[in-house]
Amino acid sequence: MLQIEKIEKSFGGTKVLRGVSLRVEQGDVVAILGPSGSGKTTLLRCVNFLETADGGVMIFDGETFHLAHTSRRDIARLRKKTAFVFQDYNLFRNKTALQNVTEGLVVTRRIPKDQALAAARRALEKVGMAGREGHYPHQLSGGQQQRVAIARAIAAGPEIIFFDEPTSALDPELTGEVLAVMRQLADEGMTMLVVTHEMGFARTVSNRVVFMEDGAVVEEGPSQSFFQNPQKARTRAFLQISEPGKINV
C-alpha cells in the first residue's frame, strides 16, 4: 500500500534523515520508536508533504512519487487519501468540535455541507464525542481535543492515518482514552503509521515496529519478535530503558 525508499532530509548542515526506507501494508499498524531527535517526526512530515524531502521515492497505491519533486496537484490528490493527527491537536480555536471536523470536508474535499455534517457526526460518535459537538476547544480536555482531531482524521475515510506522538501533550490520566480510540481503529482494520513513545501501545496494538536513531532505521520487524527478541544491541539498550525488566539483555 505504502512504500518509501531512501528518504533524505537535512536542515541546514544537519542530516536528519539518512536514507530511510519502510513498507506499510493495508491494515498494518506500524509503530515508529526511537529517542528524541532520531528523525521520527520529520519522516512522518515528509511522507505527508508537510516537509519537502531532499530525496527519496514514495510508492502509494501503485503510483511512484519522487518526494523532492512532487507537484502540488499530486500532493493535494494524495492528501485526499490520507489524514494526519498532530501531537498538539491543531484544532481551530474559534470553531466547535463539529465545525472542526466539518471544515476540511467542505472546504478541501468539496463535500456538500449536509453530507459533511452527517460524516462529522458519525466520526465524533465513533470517538465518544457525540455529546460535545457544540463545545469549543477551550471547553474540552486535552484528551477530548485529541479525540476531536482523530474524528477529523477519520471523517473523510482515509486509506491511512499518520499519527505524530498523539499522546505526548496529554496528562497520563488522559492518555488512555486516546489510546483506546486508536486501539478501536486498529481492530477495525484502519491502516496507521504511528510515531509514539507509548511502549504498551507499540507492544500490544501495532503489528510492526520500526526503531530509529540518528536519522536511520536501526531495526524493524513484527512487534512480538521486536520486543521479545531484539537483534541489535542499541535496540536492547533502548527497550531496557523504556521497559525495564521486560526484555532479556
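Source: prediction; values computed, not measured.

Procedures and definitions
- Residues numbered from 1 in each chain as written.
- Predicted model: local features only at pLDDT ≥ 70, side-chain atom pairs only at ≥ 80, totals over all residues.
- Heavy atoms only, no water.
- Helix = DSSP H or I, 4+ residues; strand = E, 2+ residues; numbered from the N terminus.
- Expected span 1.5 Å × (residues − 1).
- Buried < 20%, exposed > 50% of the residue type's maximum accessible area, 1.4 Å probe, protein only.
- Arc of directions from axis to C-beta.
- 1 Å grid on protein atoms, 1.4 Å probe; cavity = no way out; pocket = protein on both sides within 12 Å on 5 of 7 lines; lining within 4 Å.
- Points joined across faces, edges and corners; volume = space filled by probe spheres on them.
- Phe/Tyr/Trp six-rings, centres within 6.5 Å; stacked < 30°, edge-to-face > 60°.
- Salt bridge = Lys/Arg side-chain N within 4 Å of Asp/Glu carboxyl O.

Chemist: Can you walk me through helix α6 (residues 172-187) in this structure?
Modeler: Because an α-helix packs 3.6 residues into every turn, residues spaced three or four apart end up facing the same way. Given a rise of 1.5 Å per residue, 16 residues ought to cover 22 Å, and the 23 Å separating the end C-alpha atoms of α6 matches this to within 8%. Listed in full, the buried residues belonging to α6 are Leu174, Thr175, Val178, Leu179, Val181, Met182, Leu185 and Ala186. Projected down its long axis, α6 shows its buried positions confined to an angular sector of 155 degrees, all on one face. In α6, the exposed positions that point more than 90 degrees away from the buried face belong to Glu173 and Asp187. Of the residues one or two after α6, Gly189 is the one with positive phi, at around 95 degrees.

Chemist: Just to check I follow, could you spell out unusual backbone geometry for this structure?
Modeler: Most peptide bonds take the trans form, and the phi angle of most residues other than glycine is negative. Its identity as a non-glycine residue notwithstanding, Tyr89 has a phi of 75 degrees, on the positive side. Positionally, Tyr89 belongs in the loop between β6 (82-85) and α3 (97-107).

Chemist: I tried to follow the layout of surface pockets on my own but got confused; where do I start?
Modeler: A probe matching the size of a water molecule, rolled over the atoms, marks out where space remains unfilled. The space that makes up the largest pocket amounts to roughly 700 Å³. Considering the residues around the largest pocket, the lining is formed by 23 residues, among which Arg79, Gly104, Thr108, Arg109 and Arg152 are closest to the centre. Elements represented by at least two residues in the lining of the largest pocket include exactly α2 (72-79), β6, α3 and α5 (142-155). At five residues, α3 tops the list of elements feeding residues into the lining of the largest pocket.

Chemist: I tried to follow the packing of aromatic side chains on my own but got confused; where do I start?
Modeler: Given two aromatic rings, one states the distance between the centres and the angle between the planes to describe the pair. Per the counting criterion, the structure on display carries three aromatic pairs. Look at Phe226 and Phe227: their rings are 5.3 Å apart centre to centre, the planes differ by 80 degrees, and that puts the pair in the edge-to-face class. Taking the relative accessible area as the measure of exposure, Phe226 reaches 1% and is therefore buried.

Chemist: Would you mind showing me how to read the pattern of salt bridges here?
Modeler: A side chain with one charge may pair with a side chain of the opposite charge, provided their charged atoms come close. Summed over the entire model, instances satisfying the criterion amount to 13 salt bridges. Across the salt bridge formed by Arg45 and Glu51, the nearest N and O atoms sit 3.6 Å from each other. For Arg45, a relative accessible area of 25% corresponds to the partly exposed category. Judged by its relative accessible area of 23%, Glu51 falls in the partly exposed class. A salt bridge links Arg147 to Glu177, with the nearest nitrogen and oxygen atoms 3.1 Å apart. Taken together, the positions of Arg147 in helix α5 and Glu177 in helix α6 put the pair 30 residues apart, joining distant regions of the chain. Residue classification places Arg147 among the buried residues on the basis of a relative accessible area of 12%. Three or more residues are tied together by salt bridges with common partners; here these are Glu63, Asp74 and Arg77.

No statement about biological role is implied by the geometric values presented.
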